[in-house]
Amino acid sequence: MSDTPVIGVLALQGDVREHLIALASADALARPVRRPEELAEIDGLVVPGGESTTMSKLAALFGMLEPLRERVAAGMPVYGTCAGMILLADKILDPRSGQETIGGIDMIVRRNAFGRQNESFEAAVEVAGIDGGPVEGVFIRAPWVESVGAPARVIAEHGGHIVAVRQGNALATSFHPELTGDHRLHAYFVDMVRASG
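What you see is a predicted model; the values in this text were computed from it and never measured.

The rules behind the values
Residues numbered from 1 in each chain as written. Predicted model: local features only at pLDDT ≥ 70, side-chain atom pairs only at ≥ 80, totals over all residues. Heavy atoms only, no water. Buried < 20%, exposed > 50% of the residue type's maximum accessible area, 1.4 Å probe, protein only. Helix = DSSP H or I, 4+ residues; strand = E, 2+ residues; numbered from the N terminus. Arc of directions from axis to C-beta. Contact = heavy atoms within 4.5 Å. Polar contact = N/O pair within 3.5 Å; in protein donor to acceptor, adjacent residues only side chain to side chain. 1 Å grid on protein atoms, 1.4 Å probe; cavity = no way out; pocket = protein on both sides within 12 Å on 5 of 7 lines; lining within 4 Å. Points joined across faces, edges and corners; volume = space filled by probe spheres on them. Nonpolar A, V, L, I, M, F, W, Y, C, P; charged D, E, K, R; others polar. Core = buried A, V, L, I, M, F, W, Y, C linked by side-chain atoms within 4.5 Å. Salt bridge = Lys/Arg side-chain N within 4 Å of Asp/Glu carboxyl O.

### Considerations on helix 3 (residues 52-61)
Those residues of helix 3 that fall on the buried side of the exposure criterion are Ser52, Thr53, Met55, Ser56 and Ala59. One face of helix 3 carries all of its buried residues, which in axial projection span an arc of 165°. Contacts made by the buried residues of helix 3 are with strand 3 (44-47), helix 4 (65-73) and helix 5 (83-88). In the segment just after helix 3, Gly63 is the residue with positive phi, at about 70°.

Following this line, the structure appears as structure tokens:
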């Protein structure tokens, strides 16, 4: 891998464009990923926010679910925001019927835990490993993490709830840093991808 890692954004549904912009600003070569052959050409992957049930169904439909699980299990760096956090959870507390996950982080996630769309909010969140003060978290129908297993490390909490977790090469936040113009979390992830190379 060169100094400029190739990082994909899972482009089945959700706020793909904002992640592509944030990754590019963090010195990565960012590209949308929709097919298994595109997955094979990247060094890391962002699973964006959106609708987790729809995303899991589309991933299955496009033949992406198994290849995603294989790459994540093999250690490909992956970062999930909001719905992406749900998809990276080994277990969902209240899954919709037929909802599957990619897995990769030993955590149990509760969907829409912070409330409905009209209860969305922004908050300053202190994230372990991110220098320069708190990041601005945008919480939109956001999940939270009910509990983590031994391999997972809690790196941020808000209001007494776990909102960011890291396990090895997998990172997840229940909020959307890509909507704020503060790209420190994306830069942190790009560094994770570089370190894994």
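Picking up after the structure, the text goes on.
### Considering the environment of Ser52
Relative to the assigned elements, Ser52 resides in helix 3. Ser52 sits in the buried class, given a relative accessible area of 3%. Taking C-alpha positions, Ser52 is 17 Å from Val138, a pair spaced 86 residues apart along the chain. With residues up to four places along the chain from it excluded, the contact list for Ser52 reads Ala83, Ile86, Leu87, Gln99 and Arg111. In this structure the side chain of Ser52 is engaged in a polar contact, spanning 2.8 Å, whose partner is the side chain of Gln99.

### Structural notes on helix 1 (residues 16-25)
Listed in full, the buried residues belonging to helix 1 are Val16, His19, Ala22 and Leu23. The buried residues of helix 1 occupy one face: seen down the axis, they fall within an arc of 130°. As for helix 1, its buried residues are in contact with strand 1 (6-10), strand 2 (29-33), strand 3, strand 4 (78-81) and helix 6 (184-196). Just beyond helix 1, the residue with positive phi is Asp27, at close to 65°.

### Some words on the layout of surface pockets
In this approach, a probe sized like a water molecule rolls over the atoms, and the result shows the empty space that is left. Considered as a void within the structure, the largest pocket measures approximately 190 Å³ in volume. Forming the walls of the largest pocket are 15 residues, and the residues nearest its centre are Gly50, Glu51, Cys82, Ile140 and Arg141. When the residues that make up the lining of the largest pocket are grouped by side-chain class, the tally is five nonpolar, six polar and four charged.

### Some points on the nonpolar core
Formed by 33 residues in total, the largest nonpolar core has its most connected members in Leu39, Leu45, Val47, Leu68, Ile105 and Met107. Sorting elements by how many residues they give to this core places helix 5 first, with five residues. Once residues lying within four places of it in the same chain are set aside, the contact partners of Leu68 are Leu10, Leu39, Leu45, Ala59 and Ile102.

### Some details on the pattern of salt bridges
Applying the stated criterion across every chain, the model contains nine salt bridges. The salt bridge partner of Glu146 is Arg110, with a shortest N-O separation of 2.7 Å. Pair noted here: Glu146 is in strand 9 (residues 144-148) and Arg110 is in strand 6 (residues 105-110), with a separation of 36 residues, a long-range link. Note that Arg194 is salt-bridged to Asp191, the shortest N-O span being 3.0 Å. Taken together, the residues Arg194 and Asp191, both in helix 6 and three residues apart, mark about one turn of the helix. One network of salt bridges, with partners in common, ties together Arg35, Glu37 and Glu38.

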